[in-house]
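Observations on chain architecture
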Amino acid sequence: MVRLSKIYTKTGDTGTTMLGDGSTVPKASLRVEAYGTVDEANAAIGLAMTAIDDEDIKSELREVQNDLFDVGADLCVPATAEEEGGSRLRVLSSQAERLEKAIDRHNAHLKPLSSFILPGGCLAASHLHLARCVVRRAERLVAHLMLDEPDRINSEALIYLNRLSDLLFVLARLANVNAGGDVLWVPGASREDQSGE
C-alpha cells in the first residue's frame with residue numbers, strides 16, 4: 001500500500017532517484033526516462049478523457065490509467081532471475097489481452113482504412129492521437145531498455161504499451177465518426193509541381 005504523508009523529500013536534489021528495489025540511479029537513466037514517459041502518457045490520457053462524453057470509453061480509459069501505474073511500478077523495479085512469481089507487481093498478459101478485445105470491439109464499428117490518417121479531427125480525437133504518440137515514445141524507450149538490460153525487464157510491459165497505442169488509435173478514429181470522419185493522408189498533396197509545367 002502506498003502512503004504519502006510528505007510531498008517533497010529533497011532526496012532527488014542531487015539528480016538521483018531511488019528505484020523500487022532501493023537502488024539509486026541518475027534521474028537521466030533510461031529506466032527512469034521509460035517509466036517517466038509512461039507517467040506522461042497517463043497524464044495525456046487523463047487530458048483526453050476531459051474531451052470524451054462517452055462514459056463507457058471513459059471507464060475503459062480509467063482502467064488503462066490504472067494499468068499504466070502497474071507498468072510504471074513494473075519498470076521501477078528491475079526484474080531478477082531469483083524473483084519469485086507474484087512477489088512483485090508485474091504486468092500480466094491478460095492486461096494486453098483485455099486491450100485486444102476492446103480494439104476488436106471498437107474497430108468493428110469503423111470502416112477499413114485505405115490510407116494513413118492525419119492525427120486530429122475533433123478535440124477528443126486530437127487528444128487521443130497525442131496520447132497515442134506519447135505511448136509510442138514510452139514503448140520505444142522500453143524497447144531500448146530491453147536491449148540494454150534484457151534480463152531485467154518484463155516483456156509484458158512492452159506488449160501492453162504496443163496494444164495501448166493501437167487502442168488509442170482506434171478510439172481516436174471512433175471519436176471522429178460523429179465529427180465528419182478521419183482526414184486521410186494524400187501523399188505529396190502539398191508539394192509544388194516539380195515538372196516545370
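What this report covers is the structure whose coordinates are included nearby. Fair warning: this is a prediction, and the values are worked out from it, not measured in the lab. (Residues numbered from 1 in each chain as written. Predicted model: local features only at pLDDT ≥ 70, side-chain atom pairs only at ≥ 80, totals over all residues. Heavy atoms only, no water.)

**What to know about the side chain of Ser165**
Quick note on the threshold: Secondary structure elements follow DSSP: runs of H or I no shorter than four residues count as helices, runs of E no shorter than two count as strands, and numbering proceeds from the N terminus. In this description, contact between two residues means that some pair of their heavy atoms is separated by no more than 4.5 Å.
One can find Ser165 in helix H5 (residues 155–177). Not counting residues up to four positions away in its chain, the partners in contact with Ser165 are Arg132, Val135, Arg136 and Glu139.

**Thoughts on the environment of Leu19**
Rule in force here: Partly exposed describes any residue whose relative accessible area lies between the buried limit of under 20% and the exposed limit of over 50%, with all areas from a 1.4 Å probe on protein chains only and scaled to the type maximum.
Mapped onto the fold, Leu19 is located in the loop between strand S1 (16–18) and strand S2 (24–26). Accessibility expressed as a relative area gives 6% for Leu19, which makes it buried. Leu19 sits 13 residues away from Val32 along the chain, and the two C-alpha atoms are 8.4 Å apart. Each residue touching Leu19, except ones within four places of it in the same chain, is listed here: Val25, Arg31, Val32, Tyr35, Cys76 and Pro78.

**As for the pattern of salt bridges**
Counted only if it meets this: By definition here, a salt bridge exists when the distance from a side-chain nitrogen of Lys or Arg to a carboxyl oxygen of Asp or Glu is within 4 Å.
Counting across every chain of the model gives 12 salt bridges. A salt bridge links Glu55 to Lys58; the shortest N-O distance between them is 3.9 Å. In this pair, Glu55 and Lys58 both sit in helix H2 (residues 55–76), 3 residues apart, roughly one turn of the helix. For Glu55, a relative accessible area of 52% gives the class exposed. Residue Lys58 is classed as buried on the basis of its relative accessible area, which comes to 18%. A network of salt bridges, in which partner residues are shared, links Arg31, Glu149 and Arg152.

**Some thoughts on the packing of helix H3 (residues 93–107) against H5**
For clarity, the cut-off: All axes are obtained by fitting lines to C-alpha atoms, using only the stretch in contact for helices, and the reported angles, taken between N-to-C directions, cover 0 to 180 degrees. Any angle that is under 35 degrees is reported as roughly parallel, and any over 145 degrees as roughly antiparallel; angles of 65 to 115 degrees are reported as roughly perpendicular and all others as oblique. Crossing handedness follows the turn of the near helix against the far one: under a right angle anticlockwise gives a left-handed crossing, and clockwise gives a right-handed one. Residues are grouped as follows: Ala, Val, Leu, Ile, Met, Phe, Trp, Tyr, Cys and Pro are nonpolar; Asp, Glu, Lys and Arg are charged; all remaining types, including Gly, are polar.
Viewed as axis vectors pointing N to C, H3 and H5 meet at an angle of 20°, and their least axial separation amounts to 9 Å. Between H3 and H5, the angle falls in the class roughly parallel. You can see that H3 and H5 cross each other, and the crossing is left-handed. Between H3 and H5, the residues in contact are Ser93, Gln95, Ala96, Arg98, Leu99, Glu100, Ala102, Ile103, His106 and Asn107 and Glu156, Ile159, Tyr160, Arg163, Leu164, Asp166, Leu167, Val170, Leu171, Arg173 and Leu174, respectively. Along the lines of polarity and charge, the residues of the contact of H3 with H5 split into 11 nonpolar, 4 polar and 6 charged.

Shape descriptors only; they carry no functional weight alone.
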